[in-house]
2 protein chains.
Amino acid sequence: MAPADTLSRTFAALADPTRRAMLARLARGPASVGELAEPFDMSFAAVSKHLRVLEGARLVTRGRDAQYRPAMLNARPLQDASAWLGDYRVFWTESFDALGVLLDDLTEAGPDDLRPDDKKET
Amino acid sequence: MAPADTLSRTFAALADPTRRAMLARLARGPASVGELAEPFDMSFAAVSKHLRVLEGARLVTRGRDAQYRPAMLNARPLQDASAWLGDYRVFWTESFDALGVLLDDLTEAGPDDLRPDDKKET
DNA sequence: TCAGTTCAGAACCGATCGGTTGAATAAAGA
DNA sequence: TCTTTATTCAACCGATCGGTTCTGAACTGA
């Protein structure tokens, strides 16, 4: 029912401010559902659902401590996401402006020029 | 209708393999919708919609060249996303294993121990 | 002017999402 | 055993998502 690839699930899990806040909380140490729910005007069940999304993305692992089911951060998927983004790092450093010039050229050129190969190195 | 914060929109836009593939294509230079659609078994309209999502996340900007509306990568939001992930970098380096030990402790401790402070430095 | 190409807009569809409520489960403690 | 606490499950809701098809607009070129 959720055949999405790992990276998609990671990004999808991060695409919600509530879940990001929960991760931020977990960065300070494990927490129970109640603790995680505390800052939010939201039912426990809703928090539990968010937690299950994070779990599905392997971003948190759960334990068991009496009635509590403490959640703990697992940053591995964040590393993978960061690595993916890293491939684009070059675009917000040197070549960024060069690429802008590229589009300017393009908007008054023909479609044959749509792929002008990388002239990044200048 | 889409009051989501910037980071959420960025991650949401990245949470789809089709859109990530489109960004990868755009990393090699601007492209028309037709060019972007070519690798996918999908209607132009669908690709156009994906493009609009990327546009909404400020990940691509559009130009105009005759009938063509070339799309071009804008990596700025990727930089912001990368910066957000960067805050967690520490969790997949030194302290990662220490944190694992932490949870082991926790699963047989009381909820009062749920926040055991960082013992990252071995 | 007319036809062809490229693209976007609108309406629609089933599936998923983020939330609710209310009942069920699991463990602790009296 | 019975109650309390912590959490999940199940059903439901409206909104959004990813895709379709059909229609129309923008632009080129004969």
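A few points on the structure.

What counts as what
- Residues numbered from 1 in each chain as written.
- Chains lettered and ligands numbered in written order.
- Predicted model: local features only at pLDDT ≥ 70, side-chain atom pairs only at ≥ 80, totals over all residues.
- Heavy atoms only, no water.
- Buried < 20%, exposed > 50% of the residue type's maximum accessible area, 1.4 Å probe, protein only.
- Core = buried A, V, L, I, M, F, W, Y, C linked by side-chain atoms within 4.5 Å.
- Contact = heavy atoms within 4.5 Å.
- Near = heavy atom within 4 Å.
- Polar contact = N/O pair within 3.5 Å; in protein donor to acceptor, adjacent residues only side chain to side chain.
- Helix = DSSP H or I, 4+ residues; strand = E, 2+ residues; numbered from the N terminus.
- Nonpolar A, V, L, I, M, F, W, Y, C, P; charged D, E, K, R; others polar.
- Phe/Tyr/Trp six-rings, centres within 6.5 Å; stacked < 30°, edge-to-face > 60°.
- Salt bridge = Lys/Arg side-chain N within 4 Å of Asp/Glu carboxyl O.
- Axes fitted to C-alpha atoms, helices over the stretch in contact; angles between N-to-C directions.
- Parallel < 35°, antiparallel > 145°, perpendicular 65-115°, else oblique.

We now examine unusual backbone geometry. If a residue is not glycine, its phi is most likely negative; likewise, a peptide bond is most likely trans. At R58 of chain A, a residue that is not glycine, the phi angle is positive and equals roughly 60°. Overall, R58 of chain A belongs to the exposed group, its relative accessible area being 57%.

Further remarks concern the nonpolar core. L23, L78, W84 and Y88 of chain A together with L23, L78 and W84 of chain B are the most contacted members of the largest nonpolar core, which has 55 residues in total. Those residues in contact with Y88 of chain A, other than ones at most four positions away along the chain, are R20, L23, A24, A27, L73 and L78 of chain B.

The next point concerns the protein's contact with DNA strand C. For DNA strand C, the set of nearby residues contains 23 residues, the closest of which are K49 and H50 of chain A together with G34, S48 and R62 of chain B. Of all DNA strand C atoms lying within 4 Å of any protein atom, the proportion belonging to sugar or phosphate reaches 76%. For DNA strand C, a phosphate oxygen lies 3.0 Å from a polar atom in the side chain of R19 of chain A. Interatomic distance of 2.8 Å between a side-chain N/O atom of R62 of chain B and a phosphate oxygen of DNA strand C. Taken together, the elements giving at least two residues each to the surface near DNA strand C come down to α4 (44–56) of chain A together with α3 (33–37) and α4 (44–56) of chain B. Residues belonging to the surface near DNA strand C are distributed by class as follows: 8 nonpolar, 7 polar and 8 charged.

The next subject is the packing of aromatic side chains. This model, assessed by the stated rule, comprises 7 aromatic pairs over all chains. Aromatic pair Y88 of chain B and F91 of chain B: ring centres 6.2 Å apart, planes at 35°, arrangement tilted. Its relative accessible area of 5% is what places Y88 of chain B among the buried residues. In this structure F91 of chain B comes out as buried when scored by relative accessible area, which is 8%. Through pairs of rings, three or more aromatic residues link up here, namely F11, W84, Y88 and F91 of chain A together with F11, W84, Y88 and F91 of chain B.

So, about the pattern of salt bridges. All names here are of chain B. Applying the stated rule across the entire model yields 8 salt bridges over all chains. Between E55 and R62 there is a salt bridge whose closest N-O contact spans 3.7 Å. The class for E55 is partly exposed, based on a relative accessible area of 27%.

For the rest of this paragraph, the subject is helix α1 (residues 6–14) of chain B. Taken as a whole, α1 of chain B has its buried residues at L7, S8, T10, F11, A13 and L14 of chain B. Considering only its buried residues, α1 of chain B is in contact with α1 (6–14), α2 (17–26) and α5 (76–86) of chain A together with α2 (17–26), α4 and α5 (76–86) of chain B.

Taken together, 23 residues sit near DNA strand D, with G34, S48 and R62 of chain A together with K49 and H50 of chain B positioned nearest. Counting only atoms of DNA strand D within 4 Å of the protein, the fraction found in sugar and phosphate groups is 72%. Between a phosphate oxygen of DNA strand D and a side-chain N or O atom of S48 of chain A, the distance comes to 2.3 Å. For the surface near DNA strand D, the per-class residue count stands at 9 nonpolar, 7 polar and 7 charged.

Attention now moves to the packing of α2 of chain A against α4 of chain A. Residue and element names in this part refer to chain A. For the pair α2 and α4, the least separation of the axes is 10 Å and the interaxial angle reads 75°. Taken together, the axes of α2 and α4 are roughly perpendicular relative to one another. Residues T18, R19, M22 and L23 of α2 lie in contact with α4, whose contacting residues are V47, H50, L51, V53 and L54. Tallied by class, the residues present in the contact of α2 with α4 amount to 6 nonpolar, 2 polar and 1 charged.

Honestly, it's all geometry; don't read function into it.
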